[in-house]
Amino acid sequence: MERRKVLDVTRVQLAVQIGWAKIMIEKIENGKLRPAKQIAELLADALHVPNESRAVFVEFAPGSGAPPDTDVSTSHVRPAKA
């Protein structure tokens, strides 16, 4: 996920934040797994997806293909928790 990289969050950190295994994050990023809406919402929270992009991000979760890129400008970026 491009947004994860912009936020400088590792797959392990993201997995811990949402309560999933690293391998599941890898599968989502590689297009081998589509997260359920609930997981997509947790990902949106963890990745600080802006409100104006959140609905589109979550909407793509149960469908096919990768979630759309969201605005990754630094104005929406908060530092990752240590």
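What you see is a predicted model, and the numbers here were worked out from it, not measured in a lab.

(A) Structural context of the overall build of the protein. A count of helices and strands for the protein gives 5 helices and 0 strands. Listing each helix as α and each strand as β along the protein from the N terminus yields α-α-α-α-α. The proportion of buried residues among the 82 residues of the protein is 33%. Of the accessible surface of the protein, which amounts to about 5100 Å², a share of 53% is contributed by carbon and sulfur atoms.

(B) Spotlight on unusual backbone geometry. Even without being glycine, Asp8 reaches a positive phi, approximately 60 degrees. Owing to a relative accessible area of 63%, Asp8 belongs among the exposed residues under this scheme. A positive phi angle is found at His48, which is not glycine, with a value near 50 degrees. Tracing the sequence through the fold places His48 in the loop between helix 4 (37–46) and helix 5 (51–59). When its relative accessible area of 18% is taken as the criterion, His48 is described as buried.

(C) Spatial organisation of the pattern of salt bridges. Counted under the stated rule, the structure contains 5 salt bridges. With its nearest N and O atoms 2.7 Å apart, the salt bridge here joins Glu29 to Arg11. With Glu29 in helix 3 (residues 22–29) and Arg11 in helix 2 (residues 11–18), this pair connects stretches of sequence that are 18 residues apart. Arg11 gets classed as partly exposed once you look at its relative accessible area, which sits at 24%. Overlapping salt bridges, with partners in common, bring together Arg4, Arg11, Lys22, Glu26 and Glu29 in one network.

(D) Broad picture of the nonpolar core. One finds Leu14, Ile18, Ile25, Leu43, Leu47 and Phe57 to be the most contacted residues of the largest nonpolar core, which totals 16 residues. Every element with two or more residues in this core is listed here: helix 2, helix 3, helix 4 and helix 5. Counting residues per element, this core draws most heavily on helix 4, at 5 residues.

(E) Spatial organisation of the packing of helix 4 against helix 5. Relative to each other, helix 4 and helix 5 sit at 145 degrees, their axes nearing to 9 Å. Viewed along their axes, helix 4 and helix 5 form a crossing whose handedness is right-handed. Within the contact between the two elements, helix 4 uses Lys37, Ala40, Glu41, Leu43, Ala44 and Asp45 and helix 5 uses Arg54, Phe57 and Val58. Its residues assigned to classes, the contact of helix 4 with helix 5 shows 5 nonpolar, no polar and 4 charged.

The rules behind each value
- Residues numbered from 1 in each chain as written.
- Predicted model: local features only at pLDDT ≥ 70, side-chain atom pairs only at ≥ 80, totals over all residues.
- Heavy atoms only, no water.
- Helix = DSSP H or I, 4+ residues; strand = E, 2+ residues; numbered from the N terminus.
- Buried < 20%, exposed > 50% of the residue type's maximum accessible area, 1.4 Å probe, protein only.
- Areas by Shrake-Rupley, 256 points an atom, 1.4 Å probe, with all protein chains shown as cover.
- Salt bridge = Lys/Arg side-chain N within 4 Å of Asp/Glu carboxyl O.
- Core = buried A, V, L, I, M, F, W, Y, C linked by side-chain atoms within 4.5 Å.
- Axes fitted to C-alpha atoms, helices over the stretch in contact; angles between N-to-C directions.
- Left-handed = near helix turned anticlockwise from the far one by under 90°.
- Contact = heavy atoms within 4.5 Å.
- Nonpolar A, V, L, I, M, F, W, Y, C, P; charged D, E, K, R; others polar.

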